[in-house]
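Structural overview
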Amino acid sequence: MFSYLSPIPEVDSPPQDPMELDYASVAESTAVGDSDSSQEDEMVVPHREPSPAPSIAPSVYGFTQEMVDEIMESKYGRKVNIMCRTYSVAADDSELERQDDMHEIMKGAIGLVFGPVYDVLTRNDGTEKLVLDLGTGSASWLFEMAREFPSVEFVGIDLVPPKIDPATQPPNCRIELDNINLPLDHYYNTADFVHTRFISPGVENYGYLIEQVASILKPGGLFTIAEPVYHLYRRPSVESLLNPRARPGSPDYSAFAAWLHLVKICIHKNGGDTQVALMGRVWMKEHRSFEEVDSLEVFVPFGSYYAGVTENERHWNRFGPLLRENEFKYMLNARPLLLDHFPANLVEDAERKAVQELRDPSKPIWAKLTVQCYRRR
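Residues numbered from 1 in each chain as written. Predicted model: local features only at pLDDT ≥ 70, side-chain atom pairs only at ≥ 80, totals over all residues. Heavy atoms only, no water.

1. Brief notes about the packing of aromatic side chains
This structure, assessed with the given rule, holds 10 aromatic pairs. Summarising the aromatic geometry, the rings of Phe256 and Trp259 are spaced 6.0 Å apart at their centres and angled 25° between planes, so their arrangement reads as stacked. Pair noted here: Phe256 and Trp259 are both in helix H7 (residues 255-269), with a separation of three residues, about one helical turn. You can call Phe256 buried: its relative accessible area is 1%. One aromatic cluster is present, built from ring pairs that chain together Phe256, Trp259, Phe302 and Tyr330. (Phe/Tyr/Trp six-rings, centres within 6.5 Å; stacked < 30°, edge-to-face > 60°. Helix = DSSP H or I, 4+ residues; strand = E, 2+ residues; numbered from the N terminus. Buried < 20%, exposed > 50% of the residue type's maximum accessible area, 1.4 Å probe, protein only.)

Here it is as structure tokens:
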């Protein structure tokens, strides 16, 4: 029986299924409570036009422990946030700890910041500097940056407040319990830098978020976007794209890609976005309020696949296993998202096969991260 709180299964003795599930033909047709199937083309990502704000209500909420308790509910044995149904991944201590680990992995992949952030935050123009971290999560990035720039004010915005030790919280930063899908007009024309990382699954309309950031930033302010491409690769090249709809045994089949495809379907059904890494530059160019400063694409491995001859290979051999373990934690934390839309036996089977593949060194897998930096005109 599938246990919602069970640990990631080991590979040596995987449970035998009474039947093998074919995700290519079953996934879209078995969503719980949904009769229409998603036929999203993996290689074509349509542009969703910006729309008006989903609500005229202000985004900020008061931050009290009583309110924190009220905005959380138990689902499938995990705590999830109910203020924004778009992002229904677990929001408990386990997820915050995973985000702490992911922060260290991201520093290894792209560094603490990307683009001319140091120049902007240390510019002596007689004005106080403000940085907003939208979807701050565990606040690891926020706190580290606040210590790096003690004269700059930092504000982390999220619907789930992190666990904070007042003894270690920098005095120049604070957390606000806000919904970034709602108007952020209390920050208009105040910020020098807006930072986002892995927030698109919880964003209902990314075009509207771009509008908000354009209003928030002062002229010359920076906006950075770090998002994964929701595809997987057998080698660090786009030509090795794995097909989530391929049948087992075919050259481009991947159980991990099939599991990730289920996650994508759930994100889209909840109203979130998985297109930003592929379409963000197009949307930003169309907006005309920004100019691109720099961009970066990085292939990151889920294991120690390199020979380790060069320092770069040894670098990724160190971080690859960390990313794999982080993905195992995410699989546990994403169960509420998946179980809202798919039956437990399908979720269990997909997860087990994905774990088995990730632990098999003969089946290397890479993800691709994109980082973009823009300047407000």
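There is more to say after this.
2. Here we look at the environment of Gly207
Its place among the elements puts Gly207 in helix H6 (residues 206-216). Linking Gly207 and Gly280, residues 73 residues apart in sequence, is a C-alpha distance of 9.3 Å.

3. What about the side chain of His103?
One can find His103 in helix H3 (residues 93-110). What makes His103 buried here is its relative accessible area of 1%. With residues near it in sequence (within four places) discarded, His103 still touches Leu112, Ser140, Trp141, Glu144 and Arg197. (Contact = heavy atoms within 4.5 Å.)

4. Some remarks on the pairing of strand S4 (residues 130-134)
Among the five residues in S4, five count as buried, and that is most of the element. With five bridges joining them, S4 and strand S5 (residues 153-158) adopt parallel strand pairing. Bridge pairing in S5 places Val131 opposite Phe154. Taken together, S4, helix H5 (residues 140-148) and S5 constitute a β-α-β crossover, and its handedness is right-handed. Of the strand pairs in this sheet, S4 and strand S7 (residues 191-197) are connected by four bridges, and their pairing is parallel. For Leu134, the partnering residue across the bridge sits in S7 and is Thr196. (Pairing = 2+ DSSP bridges. Right-handed = clockwise from strand over helix to strand, strands pointing away.)

5. Observations regarding the confidence of the model for the protein chain
Per-residue pLDDT for the protein chain has a mean of 87; in total, 83% of the residues score no lower than 70. Confidence drops under a pLDDT of 50 for residues 9-21, and excluding neighbours within four residues, the segment shows 19 contacts in the predicted structure. For the stretch residues 34-57, pLDDT sits under 50, and the model shows 48 contacts to residues farther than four places along the chain or on other chains. (pLDDT = per-residue confidence, 0-100.)

6. With respect to the nonpolar core
By size, the foremost hydrophobic cluster in this structure holds 70 residues, and its most contacted members are Leu121, Met145, Phe154, Leu232, Phe256, Trp259 and Phe302. In terms of residue count, the dominant contributor to this core is H7 (nine residues). Sequence-distant contacts of Phe302, defined by excluding residues within four places in its chain, comprise Leu232, Phe256, Gly320, Leu323, Arg324, Glu327, Leu358, Ile365, Trp366 and Ala367. Formed by 27 residues, the second largest nonpolar core is a distinct cluster that contains Leu184, Ile199, Tyr206 and Leu217. (Core = buried A, V, L, I, M, F, W, Y, C linked by side-chain atoms within 4.5 Å.)

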